[in-house]
Amino acid sequence: MQGKDEDRSRVGEAEEGPWWKEGIVYQIYPRSFYDANGDGIGDLAGIIEKLDYLNDGTAGSLGIDAIWLSPIYPSPMYDFGYDISDYCAIDPVFGDMKTFDTLIEQAHKRGIRVILDMVFNHSSHLHPWFIESSSSRQSPKRDWYIWRDGRSEGRPPNNWLSAFGGSAWEWHEGTGQFYYHSFLKEQPDLNWWNPDLRGAVYDVMRFWLDRGVDGFRLDVVHFYVKDRLFRDNPRGMTGLTKGILPYDRYRHLYDRDRPEGHEIFKEMRTVTNEYPDRMMVGETPYEHGASTAVSYLGDGTDELHLAFYFKFLLARWRRRTYRARIDDLYRVIPEKGWPCWVLNNHDVPRSIDRLARPFEAEGRREARAKAAATILLTLKGTPFLYYGEELGMRNGSIPRSRLRDPLGKRYWPVYKGRDPARTPMQWGPREHAGFSTVEPWLPVNADYRRRNVECLAGDETSILEYYKMLIRLRREERALRRGDFEWADGSMSDCCLAYTRTYGSEGLLVVVNFSAVPQAVRIPRPAAWGGWRLLLSTHPRPRGIVLGAEDAHLRLEGFEALVLKGEGRP
Ligand code: NOJ
Ligand code: CA
């Protein structure tokens, strides 16, 4: 099955560089995308039905190049699939292997690559490996997980905490030792120091690569390796909650991000290199700087292909902050490495609300969301979108009785968990938003009658059509896909960001107004441009744009973003 060359031919024709540098990746949370069999939970057959929406080769579809599926493997769903009990099968709630093969075939036919989410820091406690490992201290798989004696009677081996709360050590009565879990106790950590475990994981990768999968999103790569000596972490305020959660009251020197991880990423790269054209993108720490994010790329050719840089995602909507985050990543990316950019995923509140001010009107939120999309899709690097982002889907408001995320249940009401970003995709104005014929696993957002694919498609002022235009522009303009990046806002107002993307004689200029009020700016025409014209604006009727021979005088509305194109050399 390796290669599936016929299927790939159409994918190959359309592109110039590796697809994972030139394309746009769209994350699907399968439970919430489309329910084809009417049980209230999204499934693989549902994804197949909606492939044409994602890319049918015409300007009417979204036009993305790859989908990343959050986990679809058998799982007891304590963490909704991020607790895998069989790495080489499909959970019946999502479908079966035949449907999965059809999905690959149908996606490839449309030029859509398929990336699977792989959770190799831990498995489910119901994975046969863990059942075997916990059966006795003499088990041949004992060392595939992390087992330790207590420091003394009843005391865990060290002070390491679980990122999801409480000690990371769980007492196992049957064999009289503790096992280690970075997340839930139902998610025991694999022991990456064990060579047989490593080999087994690489075989899992080959299993899916042989089936034609185009790559992997790798869950929490910074957690894989733990300190060999199990040294205590020192105290110190860290992390996103700045010490509100006990986990963030320690510096995670020994339980995460050990230097030996790089050896593993190199081995993984060797495995993926056995297959043509595959890609790995790593989930990295949210709270660390760009240099940590790019460290997983090695020299840019020998470890992961891409690594998320979440400080950009977490940035507040301020020109200065965005500029600094963008600079941070470009400054440290290895010469042969490639950046990627993301604003949303299944773990964080939706950006349309996260970037907004409290109680801000819907129109402003949406205007800002369009401006943010303009940045995301015109930077140098691979953009990642999250299902529903293109509709401007808001955070769901989930009553306590309907919470599903274990984090929401544990920390409610201080933290309501991740369910709000995982509500059903809004397909149409019908009951259950056209997602399912029955009550979905999470409630549909209240605004679904207006905000849905059917109502927004074809309305040229809608956020959906704006995403489509941006995606099309990126496809048409080589300068956006691979051109150099340079700031062009040196002398501009404090509210506006501007940069150029240039490839040979082709060039584009992007200008974004971060403020809610109109701004007038003047931008000198880049020396290499003979003339220029307006290609795109977030506003239906941009006004006050004078493109002179020397410079442009631009009046940008609140949260307006513009893309100009340079024409020929003088
Ligand atoms: C990161 C995943 O994105 C998140 O959803 C999950 O809960 C944790 N890793 C644990 O696997
Ligand atoms: Ca279903």
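Since this is a predicted model, take the numbers as computed values, not measurements.

### Side note on the pattern of salt bridges
Now for step 1: The full count for this structure, using the stated rule, is 51 salt bridges.
Now for step 2: Here Asp 277 ties to Arg 113 by a salt bridge, and the two come within 3.7 Å at their closest N and O atoms. Linking Asp 277 in the loop between helix H8 (261-273) and strand S8 (279-282) with Arg 113 in strand S3 (residues 113-118), this pair joins segments that are 164 residues apart in sequence.
Now for step 3: The class for Asp 277 is partly exposed, based on a relative accessible area of 35%.
Now for step 4: Under the relative-accessibility criterion, Arg 113 is labelled buried at 2%.
Now for step 5: Notably, a salt bridge pairs Arg 231 with Asp 227, separated by 3.0 Å at the nearest N-O pair.
Now for step 6: In this structure Arg 231 comes out as partly exposed when scored by relative accessible area, which is 36%.
Now for step 7: Salt bridges here are not isolated pairs; linked through shared partners, they connect Asp 353, Glu 362, Arg 365, Glu 366, Arg 394, Asp 447, Arg 450 and Arg 451.

### Things to note about the environment of Gly 392
Now for step 1: Within the secondary structure, Gly 392 is located in the loop between strand S11 (382-386) and helix H14 (406-411).
Now for step 2: Leave out the neighbours within four places in its chain, and Gly 392 touches Ile 352, Arg 451 and Ile 463.

### Quick notes on the packing of helix H13 (residues 362-378) against helix H16 (residues 463-476)
Now for step 1: Where H13 contacts H16, the two axes come as close as 10 Å, and the packing angle between them is 15 degrees. The angle between the axes of H13 and H16 places the two elements in the roughly parallel class. Crossing of H13 against H16: the hand is right-handed. Here Glu 366, Ala 369, Lys 370, Ala 373, Thr 374, Leu 377 and Thr 378 of H13 lie close against H16, whose contacting residues are Ile 463, Tyr 466, Tyr 467, Leu 470, Ile 471 and Arg 474.
Now for step 2: When its residues are assigned to classes, the contact of H13 with H16 shows eight nonpolar, two polar and three charged.

### Things to note about the site of ligand 1
Now for step 1: Contacts to ligand 1 come from 13 residues, most closely from Asp 79, Asp 219, His 346, Asp 347 and Arg 418.
Now for step 2: One nitrogen or oxygen atom from the side chain of His 122 is found 3.0 Å from an oxygen atom belonging to ligand 1.
Now for step 3: A distance of 2.9 Å separates an oxygen atom of ligand 1 from a polar atom in the side chain of Asp 219.
Now for step 4: Contact with the protein chains removes 98% of the 290 Å² of surface that ligand 1 exposes when unbound.
Now for step 5: For the shell around ligand 1, a count of residues per class yields four nonpolar, two polar and seven charged.

### Observations regarding the side chain of Arg 217
Now for step 1: One can find Arg 217 in strand S7 (residues 215-218).
Now for step 2: For Arg 217, a relative accessible area of 2% corresponds to the buried category.
Now for step 3: In terms of polar contacts, Arg 217 uses its side chain to reach the side chain of Glu 283, at 3.4 Å.
Now for step 4: In this view, Arg 217 contacts Trp 68, Tyr 82, Ile 115, Leu 116, Asp 117, Met 118, Val 281, Glu 283, Phe 308 and His 346; residues no more than four positions away in its chain are not counted.

Calculation rules
Residues numbered from 1 in each chain as written. Chains lettered and ligands numbered in written order. Predicted model: local features only at pLDDT ≥ 70, side-chain atom pairs only at ≥ 80, totals over all residues. Heavy atoms only, no water. Salt bridge = Lys/Arg side-chain N within 4 Å of Asp/Glu carboxyl O. Helix = DSSP H or I, 4+ residues; strand = E, 2+ residues; numbered from the N terminus. Buried < 20%, exposed > 50% of the residue type's maximum accessible area, 1.4 Å probe, protein only. Contact = heavy atoms within 4.5 Å. Axes fitted to C-alpha atoms, helices over the stretch in contact; angles between N-to-C directions. Parallel < 35°, antiparallel > 145°, perpendicular 65-115°, else oblique. Left-handed = near helix turned anticlockwise from the far one by under 90°. Nonpolar A, V, L, I, M, F, W, Y, C, P; charged D, E, K, R; others polar. Near = heavy atom within 4 Å. Polar contact = N/O pair within 3.5 Å; in protein donor to acceptor, adjacent residues only side chain to side chain. Areas by Shrake-Rupley, 256 points an atom, 1.4 Å probe, with all protein chains shown as cover.

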